[in-house]
Each structure stands twice: as structure tokens, then as C-alpha cells.
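# What the coordinates show
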Amino acid sequence: QVQLVESGGGSVQAGDSLRLSCGTSGLTSTSYTTAWFRQAPGKEREFVAALWRNTGRTYYGDSVKGRFTISKDNAKNIVYLQMNNLKPEDTAVYYCAADKNLILSSMTTSRQYDYWGQGTQVTVSS
């Protein structure tokens, strides 16, 4: 019933900006914590950002603080990831995730999320 679909990925140059979208289906946005993770080839899946259920509070991984912003449009059931000043190190497949009962201590642990999208590729060239 709950489905997440990412879009907005592409190939850009270092310093450029990109906005990813996560469309949701069968999900009441405010009742679910939503998050973005990314995974580069040969590397572990990495926490990027989260938007907490009910409170709307945002959290970011150290590698993207000050550059990325997570937000939502409840009317459209879309979660966004605005990425500014992109760097080659940001190259990865970006995944949208969601969970209804996640606790704060599990926020950065990918296996704790019940719902996942299929990912969208972001490639940043120097």
C-alpha cells in the first residue's frame, strides 16, 4: 500500500544544485518519519537527512550539513531533498525511506525503516 518513488536525479558538475523528490502513496506524511539515504558503489549505505513525524524537525548527516535541506509538501505527498554546492563525493544512488514508529536512536540505521524507494542516481563531476 505504501510506495515511495524517487525522482530528480541526474548528472551535474561540482558546485551545482539539484532537487530530489520522493512521491508517496498510501502514506499520511505527518504520521511517518521520512528520510534520505545514499549509497555509492563499494560503500556502505549512508544516512543523509530525516524529517521527523509530527514535529517536522529535521536532521542531517555530518557530510551534508549546511548544503542539503529536507522538506515536505503535505498537499502533494512529496518529500524533497534540496542539494546545494554538490561535490563529487555526493555521487551515489539516493533512496527515500519512511517509517511510522521509528525511534530517534534508530534514525541513521537503514534497516530500521520499513519502506523504501528504488533509488535515483546522482552523479557529480569535478
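Above this text sits the structure in question.
All of the points below concern the structure found in this document. (Residues numbered from 1 in each chain as written. Predicted model: local features only at pLDDT ≥ 70, side-chain atom pairs only at ≥ 80, totals over all residues. Heavy atoms only, no water.)

### A closer look at the sheet that holds strand β8 (residues 78-83)
In a beta sheet, neighbouring strands are held together by backbone hydrogen bonds and run either parallel or antiparallel to one another. In space, the four strands of this open sheet follow the order β1-β3-β8-β7, with antiparallel pairing throughout. Of all the strands in the sheet, the pair left with one neighbour each is β1 (3-7) and β7 (68-73). Averaged over neighbouring strand pairs, the angle between their axes works out to 20 degrees when direction is ignored. Both β1 and strand β3 (residues 18-25) contribute to a ladder of five bridges, which runs antiparallel. Residue glutamate 6 lies in a different strand from β3, and its bridge partner there is cysteine 22. (Pairing = 2+ DSSP bridges. Helix = DSSP H or I, 4+ residues; strand = E, 2+ residues; numbered from the N terminus. Axes fitted to C-alpha atoms, helices over the stretch in contact; angles between N-to-C directions.)

### Structural notes on the pattern of salt bridges
Tallied over the full model, the rule gives four salt bridges. For glutamate 46, the salt bridge goes to arginine 38, with nearest N and O atoms at 2.8 Å. In this structure, lysine 65 engages aspartate 62 in a salt bridge whose closest nitrogen and oxygen atoms are separated by 3.2 Å. Connected through salt bridges with shared partners, the residues Arg38, Glu46, Arg67 and Asp90 form a single ionic network. (Salt bridge = Lys/Arg side-chain N within 4 Å of Asp/Glu carboxyl O.)

### Digging into the nonpolar core
Residues Trp36, Val48, Phe68, Leu81, Met83 and Tyr94 are the most contacted members of the largest nonpolar core, which totals 26 residues. Residue assignment for this core shows that the elements contributing at least two residues are β3, β5 (46-51), β7, β8, β9 (92-99) and β11 (120-125). Per element, the largest residue contribution to this core is four residues, and it comes from β9. If you look at the next biggest cluster of nonpolar residues, it comprises nine residues, including Phe37, Ala50, Ala97 and Met107. (Core = buried A, V, L, I, M, F, W, Y, C linked by side-chain atoms within 4.5 Å. Buried < 20%, exposed > 50% of the residue type's maximum accessible area, 1.4 Å probe, protein only.)

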